[in-house]
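Here's the letter readout for the chains.
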Amino acid sequence: MMDVPTAKQSQAPCQPWVGQNGWSPASPQGHPCNPLPSFQHLSLDSPSDLLQASNQGCQSDLNTFSSRNSSHHSMLYANSADQSVQQISPDAHVSPTVPAVSQGRNIPPCSLPLFNEGTQPCKTHQMPFYSPHSPYQAISSPFQPPYIHQGSLNGPQSPHQKHLPINSPSFGQCANQSTQRTPHPAFERAQVESSVGYSHSHASPTSPMQPQWTLLPDCKGNINEFVPNVAAQDRDGTLQSPSSESRYGLDPELLPSAVKVIAEDRAEWKGKVFVSEPFSHLPPLATTSCIIEDRGSASPSAIRSTSYCVPCEGQTALLSRLPLGALVTPLARQNAGEKPLPVCKEPECVMGCGWCGASMCPAMGWQDCGQRFYCPFCGKLSEVPWQHYQPTKGSEGVRMDNDKRPELSTGSYEILSSQKGEPAALLLAIDVSASALRGGHLEFATRQIHTLLTSLKSEDGDGLSDVRVGLLTYDSRIHLYDLSPALSRPHMLVITETEELQLPVREGLLVSLKDCIDGIDSVLQLIPQFSAECDGSAGVPMELPVKAGLAVLQALSCPGKLLIFHTAPLIEMGHTNSSSGFFSSNKPKSIFQPSELAVSLAKECVSQGCGVHLFVLSQQDVGGAWLGHIPYLTGGALHTYSHLQGELDRERFSTDLKRVVETDTGYKAELRIFVSKDLRVSGCYGLFIPGPSPGQVTMATLDWLTTLAVELAHTRALDETRGIAIQAVLSYSTRTGDRRTRVHTLTLRCSRHLQDAFRQYQAQTLLTFYCKKFYCAALERPLQELREELQLELTEALASYRKHCCSASVSAGQLVLPRYLRALPVYINSLRKSEVLLPGLRSSVHQRLQQRCQVLSMDACSTSTHFYPLLLPLPLPVDSSISPNPEEALRCCAASLQSSALYLVHAPLTLLLWVGAQVPACTLVELFNTSCFSSLPSGETKLPVLENPLSISVRSLISTLNSEAPCARKLWVVKQGDTCEEALQRHLVEDKSPNGGASYADFLYHLHVNSVRLLQ
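Just so we're clear, the structure is a prediction, and the values are computed from it rather than from any experiment. Each residue is numbered by its place in its chain's sequence as written, counting from 1. For a predicted model such as this one, the threshold for reporting local features is a pLDDT of at least 70, and the threshold for listing and counting side-chain atom pairs is 80 or more; totals across whole chains, interfaces and linings nevertheless cover every residue. Excluded from the side-chain calculation are hydrogens and water; included are all heavy atoms of the structure.

Asks: Explain the overall build of the protein chain to me, and be specific about the residues and the numbers.
Replies: For the protein chain, the helix and strand inventory stands at 22 helices and 39 strands. Counting only residues that meet the buried cut, the protein chain has 58% of its 1016 residues in that class. Residue contacts are defined here by distance: any two heavy atoms, one from each residue, within 4.5 Å place the two residues in contact. By sequence separation, contacts in the protein chain at least 24 residues apart represent 75% of the contacts at least 6 residues apart. Carbon and sulfur atoms make up 50% of the accessible area of the protein chain, which amounts to about 41600 Å² in all. Put simply, DSSP H or I for four residues or longer makes a helix, DSSP E for two residues or longer makes a strand, and each gets a number counted from the N terminus. The buried label goes to any residue with under 20% of its type's maximum accessible area, the exposed label to any with over 50%, and the partly exposed label to all in between, with areas taken from a 1.4 Å probe on protein chains only. All accessibility values rest on the Shrake-Rupley procedure with a 1.4 Å probe; residue burial counts only the protein chains present in the view.

Asks: I'd like a description of the nonpolar core, backed by residues and values.
Replies: Counting residues in each nonpolar core, the largest one holds 173 residues, and the members touching the most others are L671, Y775, Y827, L831, L904, L913 and F928. Ranked by the residues each element gives to this core, the list is headed by helix α14 (residues 763-777), at ten residues. Apart from residues lying up to four places away in sequence, L671 is in contact with V328, P330, G695, Q696, V697, M699, L708, A728, V729 and L730. For this analysis, a nonpolar core means a set of buried residues of the types Ala, Val, Leu, Ile, Met, Phe, Trp, Tyr and Cys, connected via side-chain atoms within 4.5 Å. In this structure, L453, Y481, F565 and F615 belong to the second largest nonpolar core, which totals 35 residues.

Asks: So what's going on with the sheet that holds strand β12 (residues 365-367)? Which residues, and what values?
Replies: A pair of strands is labelled paired if DSSP reports no fewer than 2 bridges between them. Taking strand neighbours across the sheet as the criterion, the three strands line up as β12-β13-β14 in an open arrangement whose pairing is antiparallel. Both edges of this open sheet fall to β12 and β14 (381-383), since each of them pairs with a single strand only. Recorded for the sheet is a direction-independent mean angle of 30° between the axes of neighbouring strands. In the sheet, strand β13 (residues 372-374) pairs with β14 via three bridges, with the strands oriented antiparallel. Residue Y374 lies in a different strand from β14, and its bridge partner there is L381. Whenever a helix is involved, its axis is fitted only over the stretch in contact; in every case the axis is a line through C-alpha atoms, and angles between N-to-C directions fall within 0 to 180 degrees.

Asks: Can you tell me about α14, naming the residues and giving the values?
Replies: Helix length check: α14 (15 residues) gives 21 Å between terminal C-alpha atoms against 21 Å at 1.5 Å per residue, within 8%. For α14, the tally of buried residues reaches 15 of 15 residues, placing the bulk of the element in the interior. Multiply 1.5 Å by the residue count of a helix minus one, and that product is the helix's expected span.

Asks: Quick rundown of the packing of α14 against helix α18 (residues 860-867)? Include the residues and the values.
Replies: For any two helices packed against each other, the geometry comes down to the angle between their axes and how far apart the axes lie. Orientation of α14 relative to α18, taken along the N-to-C sense of each, is 85°, at an axis distance of 9 Å. By the angle between their directions, the pair α14 and α18 is classed as roughly perpendicular. Across the interface between the two elements, Q764, L767, T768, C771 and Y775 from α14 touch A860, T863, S864 and F867 from α18. As a working rule, the residues Ala, Val, Leu, Ile, Met, Phe, Trp, Tyr, Cys and Pro are called nonpolar, Asp, Glu, Lys and Arg charged, and the rest polar, with Gly in that last group. Residues belonging to the contact of α14 with α18 are distributed by class as follows: five nonpolar, four polar and no charged. In this scheme, roughly parallel covers angles under 35 degrees and roughly antiparallel covers those over 145, while 65 to 115 is roughly perpendicular and the rest are oblique.

Asks: Which residues make up the packing of aromatic side chains, and what are the values?
Replies: Stacked, tilted and edge-to-face are the three classes applied to pairs of Phe, Tyr and Trp rings, where Trp contributes its six-membered ring and a pair requires centres within 6.5 Å; stacked means planes under 30 degrees apart, edge-to-face means over 60, and tilted covers the rest. Under the definition given, this model contains 17 aromatic pairs. A centroid spacing of 6.2 Å and a plane angle of 55° characterise the contact between F377 and F674, whose relative ring orientation is tilted. With F377 in the loop between β13 and β14 and F674 in strand β28 (residues 666-675), this pair connects stretches of sequence that are 297 residues apart. Neither residue differs from the other here; F377 and F674 are each classed as buried. Ring geometry for Y827 versus Y868: centroids 6.3 Å apart, planes at 85°, classification edge-to-face. Separated by 41 residues along the polypeptide, Y827 in helix α16 (residues 824-832) and Y868 in the loop between α18 and β35 (870-874) bring together distant segments of the chain. With relative accessibility at 4%, the residue Y868 sits in the buried group. Linked through ring pairs, F444, F565, F615, Y641 and F653 together constitute an aromatic cluster. Its end group placed over the ring of W704, R333 keeps NZ or CZ at 3.9 Å from the ring centre. Charge over a ring is defined by NZ of Lys or CZ of Arg lying within 6 Å of the ring centre and within 35 degrees of the ring normal.

Asks: So what's going on with the pairing of strand β19 (residues 468-474)? Residues and values would help.
Replies: Among the seven residues that make up β19, seven are buried, leaving the element largely enclosed by the rest of the structure. In β19, alternate side chains face the same way, and those of R468, G470, L472 and Y474 on one face and V469, L471 and T473 on the other are all buried. The pairing of strand β18 (residues 425-431) with β19 spans seven bridges and is classified as parallel. By the bridge assignment, L426 is partnered in β19 with V469. Note that β19 and strand β22 (residues 511-512) share two bridges and pair antiparallel. Paired with R468 across the strands is S512, a residue of β22.

Asks: So what's going on with the pattern of salt bridges? Residues and values would help.
Replies: Note on definitions: salt bridges are taken to be side-chain nitrogens of Lys or Arg within 4 Å of carboxyl oxygens of Asp or Glu. Inspection of the entire model under this criterion finds 28 salt bridges. Where K260 meets E264, a salt bridge forms, and the shortest distance between an N and an O atom there is 4.0 Å. Of this pair, K260 and E264 are both found in helix α3 (residues 258-269), four residues apart, which corresponds to roughly one turn of the helix. A relative accessible area of 27% means that E264 is categorised as partly exposed. A salt bridge links E414 to R740; its shortest N-O distance comes to 2.9 Å. Pair noted here: E414 is in strand β17 (residues 412-420) and R740 is in strand β33 (residues 738-751), with a separation of 326 residues, a long-range link. Grouping residues by exposure puts E414 and R740 together as buried. Salt bridges sharing common partners tie together R399, D401, R405 and E407.

So this is what it looks like as structure tokens:
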């Protein structure tokens, strides 16, 4: 029982309840059986209806957990926080001693929702795959051998692998029958080589009532670190939240910590340089800032593989149950201290493969003294033109000019084409309908536009930029402006026939900024004074400004950015006479699906290289058409503001506008993915319009954050000596019209051992891959099915690792995780209960649509921070000399919050400042200029500028975090106990979420139970 039904949801008994909440309804019917030999099931009865404890014997020997115990025994243990006794019983049936008052009630199922014991749940036909009709995925691979477990519980053993065990909270010692005993659960944590084990055992009934730290007798290796021996719920001043408590008695503080994993990785790579070379090992995490040195393989910021060791056999890859693929960020920025990307001119660059079109890279193998080279992507030989011939040297066949040519020695480089196209333009479209003129937003918006245009400088820094700018206004008609410098003032051209746009003129519609700044200024000053010539209450069709801007760019054959500033209510595209409504076909529909007209118009924008950015300057009616489909499908974005009268919205508007205009952008981009000949691209996921081939993606615009997830599949066995290569080739146009080709090549090693692949996975990379894959699948598939598949994939991965990669000493009660996947369960649980996949009662459709697109466009670092935000403690006045450090984050749970402290919650889309009810008055004065907690404003706010160390350090931290965020954010002040505290609860991802998502402790418990059950 993981996702608790929210209000207004019917709670049917047993199986219907399980299926309703996202967990697999495949629990055994009839008399439930014990999932593990010694797993006790949690009784959900109230304390007054507890079953009586029997006197049957409980064994403390760990060996009893690997053999079936037919004796019916039960355990009583108490929670030290509230002294309420809970019943844990291995028998799922109701005892005859239960009072009659509890037998006639509809209660949730008494046992965990596990898989059916009588079937083989790991067979391929039981795995839910994507529909072959999915536009993001290619036809399913013909190589799909059945996934069948063989042998006993423990599979092949590694001589280099050591494990430490974890027991269920009810494993180990049996509690005394007396309810006076309240032993505390305690965990023991260690990290050994590629596996991490966690042990949780109860103290003996005769031992002191304190956490006991012991190394289990079957453990091997040394313990590197102990967790603090104070339970989270026993801390002084710590909040007690029911959402933080585990249903099964697990202490959340003693579970694998994502915060600790990130901190350990930063400490490991602090001050070091990661050398990216062929067949290199795992790089730093995406959240770790590190200098990358390119020595023949692409930087992980450009291409990050899900696993840096690929299984040679396709059947071995299927056994892992984890995806094989890569995250591609073609225009990724170079980190500070790194060398700039090398650029070579096209005539001077060695040509790539003439058979498959792959670009030259260090993965090519030279033969015949450099006269031919072998292409790993198609397996064919290509001749070298005589202009580029150089002899080879050494036994490895390295060319003599290898160090002088970036295409031969570096994993990433750029080719400057000799052809040059039209430079990109900046086109502004402003709504002048009656509602826009009445709203009072136009004066501020036009003033900000003029300020931004006058701040744009040329590349040499002297004078205004030479970017071409166009201006149009619209209501129910289109008003174009001739900005020719030869005219004394701009001329307005009115187009009334908007069905088929015909431009009367072309000259003067796009003019260099330095030549038309005065004309634009005069028009912007007159726009707020326009008189409404038609009633705008009926709304403006969304396609009207997009069609007009696209027609201007098509007439002048140039790409560009189209900025739309809209106020009036928008009419859904094709709303009046559309035959392609939501219920007009039998094809599965989703609220995330754009309309056919929106997709058609977005395709035209993509072919022209037109990126649409929509600024909605007023609050739109709830339930109307969502406006973000076209902007996000063209590489743009949707920016919404409740009203521009307030100072906070005005600051955010100015920041967003400046960022959109000044961000370096690639136009008319085409991305091609090449993989080794024994692999194929089976799917590609991201914000784009899918094409016929998943290995070729066309985009209107993209920037340094645009990231795609590429899924790979085996076509035949790989050669372990050669490894594999993944190449991403991006062809795009710059703002000045230069045509460039950026090449990234990543070379990975192969292995025939499954445990090598498990050791080379990283949790943050898998999280980003799963996010993009399942958020794209939300267009076609039910959300509950996606949540169940996420749970199933992770469960089967843990079962596979336990079966094939663990030593024989691991018992059924021990949780074993690969070292670099310790944080994967908390990440997947956060993704599974996100607003997109598990909507709450207060989450609107528009908010979910917006969040889906925003997260899909993020890179791995931003995605990880989105699903596990940074919870930063702020220093109090006594420690004001200590600046807050973003690297000293706490676990995202209510147990980390103390009512006498301040905390900042940082996520890419949200920034929250939580104020405890017992914060000293002097702290409130220094930070908020008020000494009364009750008078402190909550919600959107801006910190006052005060000259004291605390205020300066906090405002500096907020400014630093905002500079790293992909969009401008509001600062929300959340007071303890306030009604808006739910906004904070949604970001405490280790707790049970307000929309009914399970807590991290409960989710991990279910994963372990189900993974062990699969092997029985």
